Amino acid sequence: MNGWVVRALALMWAVLLSFGVLAGEAKNVILLIGDGMGMGQIGTTLLYSRTMLGRDLRMVELMTPGHTAIVLNDTADAMVTESAAAAGQIATGKRMLAGAISMAEDGKTPLRTLLEIAQDKGKAVGLVTTSGITDATPAAFAAHLAKRSDEVSAAEQELQHRVDVLMGGRRQFFLPESVGGKRKDGRDLIAEARTAGYAYASTAAEMQAVGQTPLLGLFNTGNMSFELDRGRTQEPSLAEMTVKTLQLLSAGKKGFFAMIEGGRIDHAAHRNDAAATIRDTLAFDEAVGIAIDFAKSHRGTLVLVTADHETGGMAVIGNSKTSKEYVGADFKAIAGIGASFEVVLKELGTKPAPERIREVVKQYFAIDLTDAELDTVARDTVKSLDPANYNYDLLHSLAFVLRPYLRVAFVTQTHTAAPLALFGAGPGSERVGGLMHNTEIFGLIRDAMTPQRRPSGKRGLSSQ
Ligand SMILES: [Zn+2]
């Protein structure tokens, strides 16, 4: 070959690389995190979907040989993690202290995140959740904070990073106290974002009308509603937010990185609310389906699904109220439940009489509790037996008395160290397999976004 042919081929190679056409490069990355979504949440929801909806979860399409792993998530200082350290470990590849947002163990050195790496490559970036957009999981990708509770700073940093799509709840951290927000500095970050060129949406309809980035969508003062309660609101579903995000982010030439979180699976499981946990996991699965369909029509898209940690120790149990063993969950009863525990608790108030509990449980759960069960809820006897447990007062004992009726049980109201699942498709997903640690997800995604970088070849638990 003479010189100009070699130069022409080299140029073509470079052009193909830069457009992400060559195999092995993930031009687009969609990372879907189910907060609190352990194997129990996936398994229970899968059984529910098959029994009540007559179909598999969409995420099952990604659970293929060679692309499915079991993931551990212990941190620098804890066996059982919370969302900040877990998301930070995924976002930065380094072990983290509980409660820190993408910060080194010294508490002051920011660690580079996948979102920052993607931005350096000229990719568009997006963060979406049904929890607060300033909550630990999204914050860990675009903020660096010593404490996850510093959500007013998370809001500032996410906007400073000019994240192209930011959608979720907790508008309160963007607004000054004078208008009901939580900001003591008097700043109105929504007004500031608008001045900086952001489109702003506070309802599903407003979101649908937005045609370009950057977009800030804040759909609730606090967390977005549980999927079970969303029909009473103007909020978009996680799937609708995912459609909009992929549509907006894919407009650029250099691809994108998007983190989509089912943020309230965790909250429902903390409350031991079986129906709300299943419904939010189904809503998350719908978003996974949107990502899978997008990847099918956009070559070079890596889709990964995982969780930050498991919450509640959720499991379908065998024993029923009638002592018929191994009967499994009453999904018909669960499908008939009309509201989340969050809504039910508001109905009940703080010290409801047994009769009031009977009415409310009948109304929302279509279950007739016995006098002894009503007494347990009214006196909150489970709480007094287990004072060390995390507690949502009445909900603790309500979940306990509903257990033999619904046959979905929870071990605790806190997080557990139960192993998680990781599965995916697209460039880089061939490195998903066996037993992994969540810090390894970082390198997998970083390498997939970098065409020259070859996998290190070393598999197994990372010791960093
Ligand atoms: Zn949690």
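Bear in mind the structure is a predicted one, so any value in this text is a computation, not a measurement.

Colleague: So what's going on with the pattern of salt bridges? Which residues, and what values?
Modeller: Evaluated as defined, the whole model comprises 27 salt bridges. A salt bridge links E61 to R58, with the nearest nitrogen and oxygen atoms 2.6 Å apart. A residue is classified by how much of its surface remains accessible, and R58, at 22% relative accessible area, is partly exposed. Between K362 and D368 there is a salt bridge whose closest N-O contact spans 3.4 Å. The class for K362 is partly exposed, based on a relative accessible area of 41%.

Colleague: An account of the UniProt feature "active site" (unreviewed entry) in the chain is requested, with residue identities and associated values reported.
Modeller: The UniProt entry lists S83 under the feature "active site" (unreviewed entry), expressed in the numbering used here. According to the relative accessible area criterion, S83 is buried, its value standing at 4%. Those residues within four positions of S83 in sequence are excluded, and the remaining contacts are D35, A136, T137, R148, D308, H309 and H415. Within the structure, the side chain of S83 is placed 3.0 Å from the side chain of D35, a separation counted as a polar contact.

Colleague: Kindly report on the packing of helix α15 (residues 371–379) against helix α17 (residues 394–406), identifying the contributing residues and their values.
Modeller: At a closest axis distance of 7 Å, the pairing of α15 and α17 adopts a crossing angle of 155 degrees. On the basis of the axis angle, α15 is roughly antiparallel to α17. Every residue of α17 that contacts α15 at E373, T376 and V377 is listed here: L394, S397, L398, V401 and Y405.

Colleague: Break down the side chain of S397 for me, with residues and values.
Modeller: Looking at the secondary structure, you find S397 in helix α17. On the basis of relative accessible area, S397 is assigned to the buried category, the value being 0%. Here the side chain of S397 touches D380 through a polar contact of 2.7 Å, side chain to side chain. Apart from residues no more than four positions distant in its own chain, S397 is found in contact with T376, V377, D380 and V382.

Colleague: Describe unusual backbone geometry, naming the residues involved and giving the relevant values.
Modeller: For residues other than glycine, phi is negative in most cases, and the peptide bonds are mostly trans. With an omega of -5 degrees, the peptide bond running from T213 to P214 counts as cis. Along the polypeptide, P214 turns up in the loop between α8 (204–209) and β6 (215–218). At A366, a residue that is not glycine, the phi angle is positive and equals roughly 55 degrees. Inspection of the secondary structure assignment puts A366 in the loop between α14 (354–365) and α15. One non-glycine residue with positive phi stands out, namely R407, at about 60 degrees. Structurally, the position occupied by R407 is in the loop between α17 and β10 (408–409).

Colleague: Can you break down the UniProt feature "binding site: Zn(2+)" (unreviewed entry) in the chain residue by residue, with the values?
Modeller: UniProt's entry tags D35, D266, H270, D308, H309 and H415 with the feature "binding site: Zn(2+)" (unreviewed entry), counted in the numbering of this structure. Taking the farthest pair of C-alpha atoms as the criterion, the annotated set spanning 381 residues converges on one region, since that pair is 14.3 Å apart. Within the element layout of this structure, D266 appears in helix α10 (residues 265–270). Each residue touching D266, except ones within four places of it in the same chain, is listed here: D35, G36, H309, T311 and H415. Following the sequence through the fold, D308 ends up in strand β8 (residues 301–311). What D308 contacts, discounting residues up to four positions off in sequence, is I33, G34, D35, G36, N73, T81, S83, A86, T137 and L420. Reaching out from D308, the side chain makes a polar contact with the backbone nitrogen of G36 at a distance of 3.0 Å.

Procedures and definitions
- Residues numbered from 1 in each chain as written.
- Predicted model: local features only at pLDDT ≥ 70, side-chain atom pairs only at ≥ 80, totals over all residues.
- Heavy atoms only, no water.
- Salt bridge = Lys/Arg side-chain N within 4 Å of Asp/Glu carboxyl O.
- Buried < 20%, exposed > 50% of the residue type's maximum accessible area, 1.4 Å probe, protein only.
- UniProt positions renumbered as here; feature names shortened; annotations may be inferred.
- Contact = heavy atoms within 4.5 Å.
- Polar contact = N/O pair within 3.5 Å; in protein donor to acceptor, adjacent residues only side chain to side chain.
- Axes fitted to C-alpha atoms, helices over the stretch in contact; angles between N-to-C directions.
- Helix = DSSP H or I, 4+ residues; strand = E, 2+ residues; numbered from the N terminus.
- Parallel < 35°, antiparallel > 145°, perpendicular 65-115°, else oblique.

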